[in-house]
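# Examining the three-dimensional arrangement
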Amino acid sequence: MGTISVTNVGKAYKQYPGKWDRLIEWLPSFSSKKRHSLKWVLQNISFTVNPGEALGIIGMNGAGKSTLLKLITGTTKPSTGSVTMTGRVAAMLELGMGFHPDFTGRQNVYMSGQLLGYGAEEIEQLMPEIEAFAEIGDYIDLPVRVYSSGMQMRLAFSVATAHRPDILIVDEALSVGDAYFQHKSFERIRQFRKQGTTLLIVSHDKAAIQSMCDRAILLNAGVLALEGEPEIVMDFYNASLASHQNQTISREISETGKVQTISGTGEAAVVDIALFDELGQRVEILNVGQSVILRVVVDTSTYINRLVLGYGIKDRLGQVIYGTNTDLTKQALERVPSQTRVEFKIAFPANFGVGTYSIQTALVSTDTHLINNYEWRDLALIFNVVNIDKPHFDGLSWMSPEITIKKL
Amino acid sequence: MDMLKSLWAYRGFILGSVKREFQLKYRNSLLGAVWTVLNPLAMILVYTVIFSGVMGAKLPGVDSAYAYSIYLCSGILTWGLFSEIVGRCQTMFIENANLLKKISFPRFCLPLIVVISAILNFAIIFTLFTAFLVLSGNFPGGSFIALIPLLIIQIAFSVGLGITVGVLNVFFRDVGQFMGIALQFWFWLTPIVYLLSTLPEFMRSYLIWNPMAPLMTAYQGVLVSDLWPEWDSLWLIVSLSVGLCFLGLHLFRKYIGDMVDEL
């Protein structure tokens, strides 16, 4: 139960040159020549999702993500290939889609439930739980048109996930709603996953993909560009976002076996990056709270009008826990001549939790890599944090607490 | 077979939608379902006054004061069922574009919902009409039972035509516009308001080719004069019904995929 297999799927929309051409094509007596041209939006997509696995789908707008989801859920039919699924599927392509504004929330719950194939008694049984999860209170008996979009979303999510499905398909829908409900809904999805639900999720939200998915695929212009670990795919996607001319994207396997994604136009490059302790010794293992200096050496190959170094420290799951750049700190370098070597020294206390961290660097001209991206390097440096002299603690950051206790 | 199974699984949705449609229609009206009755009643009143009163139309051989009204009702009410099914079917895919594009469900639910709610509306008004017949002492008698096969033929014809037009209308919106006009002409080319016998001979010979004409004549025969229908006069509409149902189903199956892309 809960397998999705997509084999060689392609989707093409028919395009007719004129209004009459479709009619002529339909009439059997005319020549059997096809008068339409095909516009392919997806081609040769193949992948499988095993039971209990979570797959993320990433891609730019127009890459074909939504079309792929529609093909998988069966609202549209593929032009080539096939999609097979086993088990009960719950799809949240656009939450609240089936809602009718004039009916009350309760009536709409019945309707969406029926659209999911539930019987009336079944919905009645689930109703208290749906109400409780949506937390919309008395609004449940008011027409949906007076709901806020967040409330609609909460109700729709509650209905769609009232039963644990074998396969859960989630479009970007979850990004709506307040932080509280986002947490709540992610928590429910996590629980489903623990119980063996297969998850297929489309998102631009890096954190969502990396924290939820076992695997990710990147769609680019209708083809499957990359499939692999979420972090690698996400890094590659990020790099390809800056799709200027002359950009190269390379992926190197670093010594630690991690895949390093390097992209950019190459006017400047990081030639050395390392962490040093207070004594000037190169370190790779840091004590919690230890003062360190990150030294980054950059070479320019041509004249650069404005050079900004950005860096981010990522946790084991690839989530950035701190990042900044010299544009934000108002230290951008102006008019850097060709063949210059620049040293950046960044001092900070290693207030991290125990674990493995990586540093990504970006050489850009402003505070984003989307305008000029000279070099973007993921996993430029990897370091470990150990706890030598502090009491044991949980989490990603060291907050150095001072706890005072008084008996009153 | 698979289709029937999936439709059965979605029976909750189908019946729920019919119920919702009914509620929706009268949600914000004070008189509610009364309008279902008032609309055709007003139409019948207008025709009765104009044709019976002003033009002095009389049904030859029938002396009941209500005869012409009954004649009118038998035509207008059944025609109403026909035009509701065809009219709603031709726009059902376009109206439900959002649902079709976003949610995966057995697509054949849509025509079923349309047909069931049309039949429900018809049942309400026809029950009232029958009550009127009984109370006014005009209930026809045994031939009343013949209405059942007649209605089945008519519904089959409407559904076949409706689905065919509905599918075509997605790709060629002209079809919907055309049907709007065609239904108007069709209504007046069918002996509903007037009597077939008042037409000149040459016109009558053309009306044989109007499949709805013999059906209406049959309804009127049953309800006005307690006459059993001449079944063999219905050959055209029966064969058209079968043909259109197959054509509609074929088009529906062949183009349902393209339809979602087109909407």
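Residues numbered from 1 in each chain as written. Chains lettered and ligands numbered in written order. Predicted model: local features only at pLDDT ≥ 70, side-chain atom pairs only at ≥ 80, totals over all residues.

When its secondary structure is counted, chain A shows 8 helices and 21 strands. Viewed in the frame of its principal axes, chain A has a C-alpha envelope of about 80 × 80 × 40 Å. The burial tally for chain A puts 38% of its 408 residues in the buried class. Within chain A, contacts between residues separated by at least 24 positions form 71% of all contacts whose residues are at least 6 apart in sequence. (Helix = DSSP H or I, 4+ residues; strand = E, 2+ residues; numbered from the N terminus. Buried ≥ 20, exposed ≤ 12 C-beta atoms within 10 Å, placed from the backbone. Contact = placed C-beta atoms within 7 Å.)

The next subject is the overall build of chain B. Helix and strand counts for chain B come out as 11 helices and 0 strands. Its C-alpha atoms give chain B principal-axis dimensions of roughly 60 × 45 × 35 Å. A buried classification covers 33% of the 263 residues belonging to chain B. Relative to all contacts within chain B whose residues are 6 or more apart in sequence, the contacts with residues 24 or more apart total 81%.

Time to look at the sheet that holds strand β7 (residues 198-202) of chain A. All names here are of chain A. The sheet built from 6 strands is open, its strands ordered β5-β6-β7-β3-β8-β9 with mixed pairing. Looking at which strands have only one partner, the edges of the open sheet turn out to be β5 (89-92) and β9 (223-228). Ignoring strand direction, the axes of neighbouring strands in this sheet form an average angle of 15 degrees. Where strand β6 (residues 167-170) meets β7, 4 bridges bridge the pair, whose relative direction is parallel. Residue pairing for β7: Val-170 is matched across the bridge by Ile-201. (Pairing = 2+ DSSP bridges. Axes fitted to C-alpha atoms, helices over the stretch in contact; angles between N-to-C directions.)

All names here are of chain A. Here strand β8 (residues 215-220) pairs with β9 via 5 bridges, running antiparallel. For Ile-217, the partnering residue across the bridge sits in β9 and is Glu-227. Connecting β8 to the antiparallel partner β9 that follows it, the hairpin turn spans 2 residues, and Ala-221 within it adopts a positive phi of roughly 50 degrees.

Glancing now at the sheet that holds strand β15 (residues 291-300) of chain A. Remark on secondary structure: sheet strands pair via backbone hydrogen bonds, oriented parallel or antiparallel. Read across the open sheet, the 4 strands follow the order β13-β12-β15-β19 (chain A); overall the sheet is antiparallel. Either end of the sheet is taken by a strand with one partner, and the two such strands are β13 (282-283) and β19 (341-349) of chain A.

Take the interface of chain A and chain B next. Taken residue by residue, the interface counts 24 residues in chain A and 21 residues in chain B. Looking at the side of chain A that touches chain B, the elements with two or more residues in it are β1 (4-15), α1 (19-26) and α3 (105-115) of chain A. Here the element with the most residues in the side of chain A that touches chain B is α3 of chain A; it accounts for 4 residues.

Here the domain parsing of chain A yields domain 1 (4-226) and domain 2 (242-386). Placing a centre on the C-alpha atoms of domain 1 of chain A and another on those of domain 2 of chain A gives a separation of 38 Å. (Domains from an automatic or database assignment.)

All names here are of chain B. Where helix α4 (residues 67-95) contacts helix α8 (residues 174-188), the two axes come as close as 10 Å, and the packing angle between them is 170 degrees. By the criterion of interaxial angle, the relationship of α4 to α8 is roughly antiparallel. Touching Trp-79, Ser-83, Val-86, Gln-90 and Thr-91 of α4 are Gly-176, Met-179, Leu-183 and Phe-187, all from α8. (Parallel < 35°, antiparallel > 145°, perpendicular 65-115°, else oblique.)

Glancing now at unusual backbone geometry. Residues and elements named next belong to chain A. With phi around 45 degrees, Arg-335 is a residue other than glycine that occupies positive phi space. Along the chain, Arg-335 turns up in strand β18 (residues 333-336). Of the residues examined, Arg-335 has 9 C-beta atoms within 10 Å and is grouped as exposed. Positive phi values are uncommon outside glycine, yet Gln-339 reaches one of about 50 degrees. Note that Gln-339 resides in the loop between β18 and β19.

All names here are of chain A. Along the chain, Leu-200 falls in strand β7. Overall, Leu-200 belongs to the buried group, with 24 C-beta atoms counted inside 10 Å. Considering only alpha carbons, one finds Leu-200 and Leu-333, 133 residues apart in sequence, at a separation of 44 Å. What Leu-200 contacts, discounting residues up to four positions off in sequence, is Ile-4, Val-49, Leu-55, Ile-72, Ile-167 and Ile-169.

Residue and element names in this part refer to chain A. Helix α5 (residues 149-160) packs onto helix α4 (residues 120-134) with a crossing angle of 140 degrees between their chain directions and a minimal axis gap of 8 Å. Judged by the angle between their axes, α4 and α5 are oblique. α5 is crossed by α4, and the crossing has right-handed handedness. On α5, the residues that touch Ile-130, Phe-133 and Ala-134 of α4 are Arg-154, Leu-155, Ser-158 and Val-159. For the contact of α4 with α5, a count of residues per class yields 5 nonpolar, 1 polar and 1 charged. (Left-handed = near helix turned anticlockwise from the far one by under 90°. Nonpolar A, V, L, I, M, F, W, Y, C, P; charged D, E, K, R; others polar.)

Moving on to the environment of Ala-63 of chain A. Residue and element names in this part refer to chain A. Summarising the element assignment, Ala-63 is placed in the loop between β3 (54-59) and α2 (65-73). Overall, the presence of 21 C-beta atoms within 10 Å leaves Ala-63 in the buried class. Through-space distance from the C-alpha of Ala-63 to that of Asn-220 is 5.1 Å; in sequence the pair is 157 residues apart. In this structure Ala-63 touches Leu-219, Asn-220, Ala-221 and Gly-222, once residues within four positions along its chain are discounted.

The next point concerns the nonpolar core. Judged by nonpolar contacts, the single largest core of 148 residues is most densely connected at Ile-169 and Ile-201 of chain A. When residues in this core are grouped by element, the largest group, 13 residues, is from α4 of chain B. Looking at this core, you find at least three residues from each of domain 1 (4-226) and domain 2 (242-386) of chain A. (Core = buried A, V, L, I, M, F, W, Y, C linked by C-beta atoms within 7 Å.)

End to end, helix α2 (residues 11-26) of chain B covers 23 Å across 16 residues, agreeing with the expected 22 Å (1.5 Å per residue, within 8%). Burial in α2 of chain B covers these residues: Gly-12, Phe-13, Ile-14, Gly-16, Ser-17 and Arg-20 of chain B. Those residues of α2 of chain B that are buried are in contact with α3 and α4 of chain A together with α6 (109-135) of chain B. (Expected span 1.5 Å × (residues − 1).)

Once that is clear, we can look at α3 of chain A. An α-helical turn contains 3.6 residues, so a residue and the one three or four places further along point in the same direction. All names here are of chain A. When you tally the buried positions in α3, you get 10 out of 11 residues, the bulk of the element. Those residues of α3 that fall on the buried side of the exposure criterion are Gly-105, Gln-107, Asn-108, Val-109, Tyr-110, Met-111, Ser-112, Gly-113, Gln-114 and Leu-115. Count one or two residues on from α3 and you reach Gly-117, which has phi positive near 95 degrees.

All right, on to the confidence of the model for chain B then. Residues and elements named next belong to chain B. Here chain B averages 84 in pLDDT, while 94% of its residues score no lower than 70. When mean pLDDT is compared element by element in chain B, helix α7 (residues 147-171) scores highest at 91, while helix α3 (residues 34-54) scores lowest at 75. Interface confidence in the predicted complex, given as ipTM, is 0.70; pTM for the same model is 0.71. (pLDDT = per-residue confidence, 0-100.)

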